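Working through the structure, step by step
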Amino acid sequence: MRRKDFEVTDPQAIDEIIRACHCCRLGFADGEDCYIVPLSFGFCHEVARVLYFHSAREGRKLELARKYGRAAFEMDCGYTLHRAEAPCKYSCAVRSVMGSGSIREVLDPAEKREALRHILNHTAGPQQWRFPEGAENTVTILKLTVEAIRCKAHG
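Overview of the structure.

Looking at the side chain of Lys112
Summarising the element assignment, Lys112 is placed in helix α3 (residues 109–124). Those residues in contact with Lys112 that sit more than four places away from it in its chain are Val106, Leu107, Glu136, Asn137, Val139 and Ile141.

Points about helix α1 (residues 11–20)
Within α1, the full set of buried residues consists of Ile14, Asp15, Ile17 and Ile18. Angularly, the buried residues of α1 cover 160° about the axis, an arc narrow enough to put them on a single face. Every exposed residue of α1 that faces more than 90 degrees away from the buried side is listed here: Gln12 and Glu16. Considering only its buried residues, α1 is in contact with β3 (42–45), β4 (49–55), β5 (70–82), β6 (91–106), α3 and β7 (140–154).

Quick notes on the nonpolar core
Formed by 27 residues in total, the largest nonpolar core has its most connected members in Leu26, Phe41, Leu51, Phe53, Met75 and Leu144. Only α1, β1 (24–30), β2 (33–39), β4, α2 (60–68), β5, β6 and β7 provide two or more residues apiece to this core. The contact partners of Met75, leaving out residues within four places of it in the chain, are Ile18, Cys21, Cys23, Cys24, Arg25, Phe41, Leu51, Arg95, Ser96 and Val97. Of all hydrophobic cores here, the second largest spans eight residues; its members include Val50, Tyr52, Ile119 and Ile141.

Some words on a nonpolar patch on the surface
Taken together, the side chains of Tyr79, Leu81 and Tyr90 make up a nonpolar region of the molecular surface, amounting to roughly 310 Å² of accessible area. Following the sequence through the fold, Leu81 ends up in strand β5.

A look at the pairing of β5
Bridging between β1 and β5 involves three bridges; their strand directions are antiparallel. Across the sheet, residue Gly27 finds its bridge partner in β5, namely Ala72. As paired elements, β5 and β6 share 11 bridges and run antiparallel to each other. Bridge pairing in β6 places Asp76 opposite Ser96.

Examining the sheet that holds β5
Read from one edge of the open sheet, seven strands run β2-β1-β5-β6-β7-β4-β3, paired in antiparallel fashion. Each edge of the open sheet carries a strand with a single partner, namely β2 and β3. Mean inter-strand twist for the sheet, computed between neighbouring axes without regard to direction, equals 30°. Where α1 meets the sheet, it contacts β3, β4, β5, β6 and β7, and its direction lies at approximately 90° from that of β6.

What about the environment of Asp76?
One can find Asp76 in strand β5. Sequence separation between Asp76 and Glu111 is 35 residues; the distance between their C-alpha atoms is 27 Å. With residues up to four places along the chain from it excluded, the contact list for Asp76 reads Cys21, Arg25, Val94, Arg95 and Ser96. Among the polar contacts listed, one links the side chain of Asp76 to the side chain of Arg25, at a separation of 3.4 Å.

The rules behind the values
- Residues numbered from 1 in each chain as written.
- Predicted model: local features only at pLDDT ≥ 70, side-chain atom pairs only at ≥ 80, totals over all residues.
- Heavy atoms only, no water.
- Helix = DSSP H or I, 4+ residues; strand = E, 2+ residues; numbered from the N terminus.
- Contact = heavy atoms within 4.5 Å.
- Buried < 20%, exposed > 50% of the residue type's maximum accessible area, 1.4 Å probe, protein only.
- Arc of directions from axis to C-beta.
- Core = buried A, V, L, I, M, F, W, Y, C linked by side-chain atoms within 4.5 Å.
- Patch = residues over 30% accessible without salt bridge, like charges linked within 9 Å, V, L, I, M, F, W, Y side chains within 5 Å.
- Areas by Shrake-Rupley, 256 points an atom, 1.4 Å probe, with all protein chains shown as cover.
- Salt bridge = Lys/Arg side-chain N within 4 Å of Asp/Glu carboxyl O.
- Pairing = 2+ DSSP bridges.
- Axes fitted to C-alpha atoms, helices over the stretch in contact; angles between N-to-C directions.
- Polar contact = N/O pair within 3.5 Å; in protein donor to acceptor, adjacent residues only side chain to side chain.

Function cannot be inferred from these measures alone, as they are strictly geometric.
Set out below in structure tokens:
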């Protein structure tokens with residue numbers, strides 16, 4: 001990171017920024033092409049940081065996750081534009097997290113239900129989520145285990 005004065009290294013502060021974000025952009029390299037998709041997500045940090053995403057049963061995101069098993073991510077929150085008298089003096093306040101890790105499809109039904117709880121808790125707020133029998137079979141869940149992470153807060 002070029003601006004070390006903006007870098008956030010405290011693990012709890014990084015987790016707080018992740019929890020404040022509402023959209024995670026998931027990115028894949030695909031040969032000479034790239035693919036990025038904005039997604040709602042769930043977050044868990046017990047042993048390692050884990051991001052969960054729901055997906056349809058088919059599509060490019062799922063194909064790339066299965067093919068490569070690696071993905072990058074970016075999320076940000078708190079964007080505020082700081083206006084100035086001169087155009088080149090404009091700046092912004094923003095908190096952002098980006099990184100990469102291994103990504104795999106969750107197949108175990110109990111793990112899928114737990115992942116769905118993390119997604120719903122993050123997007124809709126903590127509740128005692130109950131799912132109809134077999135509901136986990138209607139969606140595909142992707143689990144990204146974070147291996148590299150960088151975080152910054154500016155302004």
